[in-house]
Structures are given as C-alpha cells and as structure tokens.
Amino acid sequence: MKYKEFYNRSIQNPEEFWKEQMQNLAWYKKPNTILSRDSDNHFEWFKDGELNLSYLCIDKHIEDGYGHQNAIIYDSPVTNTKQNITYSELQYEVSKLAGGLNDLGVVTGDTVIIYMPMIPQAIYAMLACARIGAIHSVVFGGFAPHELAIRIDDCEPKVVITASNGIEVERIIPYKPFVDKAIEESKHKPNYVVNYNRKQGVEISNKSYDIDYDVLTAKASIIEPVPVSSTHPLYILYTSGTTGTPKGIIRDSGGYATALKFSMKYVYGVDEGDVYWAASDVGWVVGHSYIVYGPLLNRNTTILFEGKPIKTPDASTFWRVISEHKVKVMFTAPTAIRAIKKEDPQGELIKQFDLSSLKYQFLAGERCDVATLKWTENKLKVPVIDHWWQTESGWPMLANMVGLELLKIKPGSSAKPVCGYDIQILDEDGVQTSANVEGYVTVKLPLPPGTLSNLWRNPERYKAGYLERFEGYYFSGDGGYKDEDGYVFITGRVDDIINVAGHRLSTAEMEEIVASHKSVAECAVFGIHCDIKGQKPLGLVVLKSGETPSNEQLQNEIVNTVRNNIGAVASFKNVLVVKRLPKTRSGKILRKLLRNIANSTEYKTPSTIDDVAIIKEIEYIYKTHRLGKYKNQLQ
Ligand code: COA
Ligand code: AMP
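Here is what the cut-offs are and how they apply
Residues numbered from 1 in each chain as written. Chains lettered and ligands numbered in written order. Predicted model: local features only at pLDDT ≥ 70, side-chain atom pairs only at ≥ 80, totals over all residues. Heavy atoms only, no water. Core = buried A, V, L, I, M, F, W, Y, C linked by side-chain atoms within 4.5 Å. Buried < 20%, exposed > 50% of the residue type's maximum accessible area, 1.4 Å probe, protein only. Contact = heavy atoms within 4.5 Å. Near = heavy atom within 4 Å. Polar contact = N/O pair within 3.5 Å; in protein donor to acceptor, adjacent residues only side chain to side chain. Areas by Shrake-Rupley, 256 points an atom, 1.4 Å probe, with all protein chains shown as cover. Helix = DSSP H or I, 4+ residues; strand = E, 2+ residues; numbered from the N terminus. Arc of directions from axis to C-beta. Pairing = 2+ DSSP bridges. Axes fitted to C-alpha atoms, helices over the stretch in contact; angles between N-to-C directions. Nonpolar A, V, L, I, M, F, W, Y, C, P; charged D, E, K, R; others polar. Lys, Arg positive; Asp, Glu negative; His and termini not counted. Salt bridge = Lys/Arg side-chain N within 4 Å of Asp/Glu carboxyl O.

J.: Describe the nonpolar core, with residues and values.
T.: In terms of nonpolar packing, the biggest core is built from 116 residues, with Leu90, Leu127, Tyr268, Tyr290, Tyr293 and Phe331 touching the most fellow members. Leave out the neighbours within four places in its chain, and Phe331 touches Tyr268, Tyr276, Trp277, Ala278, Ala279, Val286, Tyr290, Gln361, Phe362, Ala364, His387 and Trp389. Membership of the second largest hydrophobic core comes to 42 residues, among which are Phe143, Val193, Trp456 and Met510.

Encoded structure:
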C-alpha cells in the first residue's frame, strides 16, 4: 500500500486503523475498547486489553520456535567483548532477575530505577521489571548523582539496579559510588540497591541496602510474565523541560507495544529476524524504543553497542559493526556522523568494510544539516532518512515511511507525518500557517498509541505544557514549516531546551546552578552553534558588586559545579563575564538576542529592550574572547 492512502486512513478513522494494528500482538486479553478517555479526560488506547511486554519481547518468540535466534548482540569495543544472547538465554536471564526482584518485595506497580551502562544486564533489568509489572525508570549514566537524586525523589523507587561502573573513552565512570552519593542526597531511600559488579577496579562500599546482582539471581526462582492492563505504565522516562525540574514521561503498555511493532515494519522497513541497530543509549528514549522494546517485539536481533563512533578505537567502529553483524537498518544521531566525518573526511575507513547488508541509514535526535546528510548518502550509498520525534512521542512523528514506499528525500526535511500523527503548523493564534511559513509544530488530538499518557505525579504540568497552548492540539515545543508538498522542516526548539550531541538539556536547569555560585548576581545560559555537537551551552554572568574573581578561576568553578550537578554530558565549558544582560523593560532576559549575537546570526534589536547600548558591549565581549575561534573545537 502507498503512503498517502495508508496515512489518510490512519487520520480519518484512527480507531479502525489501530484496531487492525493491535491484532499483530499476542494479547492475553484482546481489547474491545480501542480509544477512550481516562479520568483526567485524556485519550487512552485499548483500555480493557491485557498483555505483558516481557512476554511479547521474549517468550512469544520461543513459543513460535525462535529460541535459538540471537535476541541481542553485545558488542563492546571498550572492553573488547562480543557476546551473542539468544532468545532462550534472554528468557533465562530476565526470568531469574524478575524472580530476584520479587524476592526483594517488588510487585506490580512498584517503581525501580535503573542506572546502568550499555551492558546486557541493563536490558535484562528493563525486561525483568516489565515481566512483573514493575515500572522502570532508566536514568542515563552521563547524569551526575544530583540528577539521579532528583529522579529518586520524584519516582520513589523500591529498588535501584546499577553496575559497578561504565567505561567512557579512557575513563572509568563509577556508577555504584554515584548511586551511593545520590541516595545520601535524596529524601526518599530505596530499600535495596542491586549492583552488577563488572570487576573493573571500582571499589564497592558495603552499604546496608546493597545486594549483589549475581548472588540475587543465583538463588532466585524463574518468574512467568504477569498480565497487566494496556494502560499500565511500562516506564517513566525523565526528560528536560523548561524549568529546572525534569519531567517524568509516562508510557503505557498496550499502545506502546502496538505502535512500536507497527513502526518496525512501516517506518524502518525491518522484517522479523533482521538485524537492527540503534546506536544510542538505553538511558534515552531511542534506547527504550529501538534498542530494547521495538526490535525485540519484532523478533529482530538488536545490537547493544558499548562504545562511541570515534576513539573506540577509531572512526571505523560503526562500519565494522554493520559489516560484522550484518546490520540491515541502522539509526544514529547526525552528531555521530559529524564526529566520524571530522576524523575520516574522505570516508577511507568505510572502504575497508562490506556494508552490503545495510539497506537504510536513519538519523534523528537533532536537526540534520544538509552537509551531513549528503556526506552520509555519498559514502554509504543507501537512502539516508532523517526522522523527527521526541521522548514524549516515544516513536517517530515525521519520517519517510520506507516500509510503505520510499518517498523523495528532501534535504533539511524529516519528510512527512507518520501514520496516526495529524501534524499541523500553527501561528501564535492557533491558525494554520500557509505553505513555507514557519510556526509551532503541533499534533491534532488524539495522539496515536504509544505516545505519553501523562507526567508522573504532575498532571497539571502535562496539561499546561502540552495541551493548553493550542486547544485540541499537542504542542511539541518545536518550530517548523510545511512546504507545498506537505514535507515538514523542523527549525528547532521554541523554548529553553537545547540539544547537545543529540542529548536534550535544559538551559533553565543550568542557569539555576550557575546562579548559585557565590560571585554571580545573575546569569543567562543559552545554546550556541557547535560544528560537531550541533549546539553547546554558553553562560553569561553578571558579578555581584565587590566580587573580583579571576576569569579563569570563575570559569573553572562554575564549569565544575555544572559538571558535578548535572553531569559531564551537559558539555558546559564556557562562561563569560558581562556588566549587564539585555532585558526587556519588564525585566525578561533577551536570550534569543544573546544567542543570535553569539552565532553571528542576523538579528533585530527588539523595541522592548531597556538599554540598547548593551548590545554593542556584548558583541565586543564575544569578539575579545574569540568565541568564534573555540566554537569549532570539540571540547
Ligand atoms: N556515562 C558517563 N559519562 C558520559 C556518558 C555516560 N554514559 N556519556 C557521555 N559522558 C560524558 C563524556 O565522557 C564526556 O565527558 P568529558 O567532558 O569529560 O569528555 C561528556 O559526557 C560529553 O559526552 P558526549 O556528548 O558524548 O561528547 P564526546 O565528546 O565524548 O563525544 C560524540 C562526542 C559526538 C562522539 C558523542 O556525543 C556521540 O556519540 N553522540 C551521539 C549521541 C547519541 O547517540 N544520542 C542519542 C540520541 S539518538
Ligand atoms: P528527545 O526528547 O531527547 O528525543 O529530544 C527531542 C527533540 O530533539 C525534539 O523536540 C527536537 O527539538 C529535536 N529533534 C529530534 N529529532 C530531530 C530531527 N530529526 N530534526 C530536528 N530536530 C530533532
């Protein structure tokens, strides 16, 4: 079937469309109600259905005779390890850990935080939670203990599952000690911390809550999957918002499983049994949907890659993995390609590998610049598909749905709305813009299955942030436009969220930390262009009167505070001192103006500014600090 016809059906008759798609799952109890409203009047999918994601990702395939197929290929250049894990082996590991969690008193509806590097035990932990109906919340390992503590206090886990350490390029990250630090800081104290000891030299303290992963699973019994309702939360995933507090996105079970299964076939063009690789991290939504649940639901072999696109050991790693494991479809962020391109501009390393298994290269996580798209097309000689989505949606909202038909690729565009998403570009007053006119990217309700059902313990923020800006529409937080052929071009966030190397971060959160420095009177943090990471944060600070720290001392102190509080992943490395910040007469800091001046983008001086002279001063400061020079460095 062609895209247009299929898409139109999904919008004109969503209930019929998704009723058909949900039949592709083995429910314990098939739903009769397809689309309804919950007690908060939000849409919900398949309300009276019952299923279990761990069963669908594992046991179902074994029952169908595929126990011997590889479920996971763990490829870890940082430890020089490769391990194939069949569906039968996965079932054993997951059922034992589920049994262990049960022994610790974890039951359906309890929350469990998973703070782990890219090792098979992280996937076992997610699926073990799903098996017993516990709600997991995976926290990305690049976040510092303070961020982990915030999440512990918000979702109040009974148990935290972690590992002794992760491995970054030439650096051991002490995960378990970070968990100990976070628990010291948090008000909520989990009952147990289950630690998988990788025995790589990290000293493990002996706390009263500690349980060794191997000891726990050795004595645990095997647990069968527990049927849960379609609307039961599978997980909470925290993401950056426009305030200092992250938002806990709640994902349901039945809608998510239906959407992911659908997307594997129709968005990614992947058949059951194929090898699929999303080079992300289990701590991000891409990891949840396309390292773990999507490919396993679809009986694919998923690659679990513990490494980086470069330096592990070099810029050929991606190509080695594709050729060695015969990857059919790969998904990464444009920033990873830019990093590879910088090291190997001519793509000489690519020539050393047989990439004939590769059919499509998908890119997402940030805007894909035309140069990166073209380079990838030229070097890989396969269609390169930019697609757009977010933690909230859980699966693609805009894409070239190659499983239906490969539409023309227009560089700079993430192509067309995916089935189920009625994407509309609205102006300030909620009126649809004409072709090629930029506005706010929204989705007309109802959202399709698989998208967020609410925010954990914060339904008011959900309504205010997403549903009230334009009545009857979900507001994505992105700006963009549609061309005359219906292709959508995403131009970037319209709020204070920035995207650094494909990682979503809140500048408001960074500002809170910068402002807490003893010498700082006020500050502004915003994203400026970076050739490799897309964006990077820059802080401008105004000092309290009488404070005279040296620039170097101030920069070091502030940078370290951000690193210790948010984490290295913030890539916050630049601070400049200014005398004043440009503000409107009502006192609002003009961040967009600051960003445009720093990026040397054309800008208009707003008529509301309180003091025009300040612009010249800021331009001068940027120049004298040679910002343009270190913009190009990968720091
Ligand atoms: N645990 C601990 N620390 C981590 C981490 C993790 N899981 N991930 C990143 N960090 C640290 C890094 O070590 C680095 O620390 P440093 O400042 O001391 O060097 C810092 O966080 C920034 O990391 P990163 O943004 O990854 O930058 P990098 O310079 O190490 O690598 C790229 C640059 C482009 C190679 C890398 O960002 C990349 O592979 N990006 C792809 C991102 C991606 O897949 N995103 C998912 C969306 S699809
Ligand atoms: P996250 O929730 O971390 O997945 O980040 C989602 C945000 O990343 C979106 O709201 C966009 O701002 C940005 N983003 C993701 N994919 C794309 C893309 N293909 N093009 C442009 N921006 C993107």
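Next, the rest of the story.
J.: Quick one: what's the story with the site of ligand 1, residue by residue and with numbers?
T.: Neighbouring residues of ligand 1: 23 residues in total, closest Glu168, Arg171, Lys308, Lys533 and Arg563. Measuring from a nitrogen atom of ligand 1, one finds a backbone N or O atom of Gly142 at 3.5 Å. Between ligand 1 and Lys573, the relevant distance is 3.3 Å, taken from an oxygen atom to a side-chain nitrogen or oxygen of the residue. Coverage of ligand 1 by the protein chains reaches 86% of its 930 Å² of free accessible surface.

J.: With reference to specific residues and values, describe helix α13 (residues 370-380).
T.: Buried within α13 are the following residues: Thr372, Leu373, Trp375, Thr376 and Leu380. Angular distribution of buried residues about the axis of α13 spans 165 degrees; they occupy a single face of the element. Tucked into the core, α13 has its buried residues touching α11 (317-325), α12 (334-343), β19 (360-363) and β20 (384-386).

J.: How would you explain the sheet that holds strand β27 (residues 488-493) if you had to name every residue and give the values?
T.: Remark on secondary structure: sheet strands pair via backbone hydrogen bonds, oriented parallel or antiparallel. Spatial ordering of the open sheet is given by β23-β24-β26-β27, a layout of 4 strands whose pairing is antiparallel. Each edge of the sheet is formed by a strand with only one pairing partner; in this case those strands are β23 (422-426) and β27. Going across the sheet, the axis of each strand differs from the next one's by a mean of 50 degrees, ignoring polarity. The pairing of strand β24 (residues 439-444) with strand β26 (residues 473-482) spans 5 bridges and is classified as antiparallel.

J.: Explain the site of ligand 2 to me, and be specific about the residues and the numbers.
T.: The full set close to ligand 2 counts 16 residues, and Asp386, His387, Thr391, Asp478 and Arg504 are the nearest of them. In this structure, Gln390 approaches ligand 2 through a side-chain N or O atom, which is 3.0 Å from an oxygen atom. Separating an oxygen atom of ligand 2 from a side-chain N or O atom of Asp478 is a distance of 2.5 Å. For ligand 2, the protein covers 93% of the area, taking 500 Å² as the surface of the free molecule. Here the shell around ligand 2 is built from residues that sort into 4 nonpolar, 6 polar and 6 charged.

J.: How would you explain the pairing of strand β29 (residues 503-506) if you had to name every residue and give the values?
T.: The two faces of β29 match: His503 and Leu505 on one face and Arg504 and Ser506 on the other face are all buried. Both strand β28 (residues 497-500) and β29 contribute to a ladder of 4 bridges, which runs antiparallel. Counted as the bridge partner of Val500 is His503 from β29.

J.: Give me the side chain of Thr302: which residues, what numbers.
T.: Among the secondary structure elements, Thr302 is positioned in strand β17 (residues 301-305). Not counting the four nearest positions on each side in its chain, Thr302 is found in contact with Ala71, Ile72, Ile73, Tyr276, Tyr290, Ile291, Pro295 and Leu296.

J.: Kindly report on the side chain of Asp252, identifying the contributing residues and their values.
T.: As for its placement among the helices and strands, Asp252 is situated in the loop between β15 (247-251) and α9 (254-266). Salt bridges are absent for the buried Asp252, whose nearest opposite-charge side chain, Arg251, sits at 6.4 Å. Here Gly255 takes part through its backbone nitrogen, which lies 3.2 Å from a polar atom of the side chain of Asp252. At a separation of 3.0 Å, a polar atom in the side chain of Asp252 contacts the main-chain amide nitrogen of Tyr256.

J.: Give me the sheet that holds strand β16 (residues 275-278): which residues, what numbers.
T.: Read across the open sheet, the 7 strands follow the order β5-β4-β17-β16-β18-β19-β20; overall the sheet is mixed. In the strand order of this sheet, the two ends are held by β5 (81-86) and β20, each with one partner. Each adjacent strand pair in this sheet contributes to an overall mean axis angle of 20 degrees, direction not counted. Where strand β4 (residues 70-76) lies against β5, 6 bridges are found, and the strand directions are antiparallel. Residue pairing across strands places Asn70 opposite Thr86, the latter belonging to β5. Strand contacts of α11: β4, β5, β16, β17 and β18 (329-332), with the helix running at about 150 degrees to β17, the strand carrying the most contacts.

J.: Explain unusual backbone geometry residue by residue, including any values.
T.: For the bond from Thr312 to Pro313, the omega torsion is 0 degrees, close enough to zero to count as cis. With respect to the element layout, Pro313 can be found in the loop between β17 and α11. Look at the link from Leu445 to Pro446: it is a cis peptide, with omega at 5 degrees. A positive phi angle is found at Asn80, which is not glycine, with a value near 60 degrees. Along the chain, Asn80 falls in the loop between β4 and β5.

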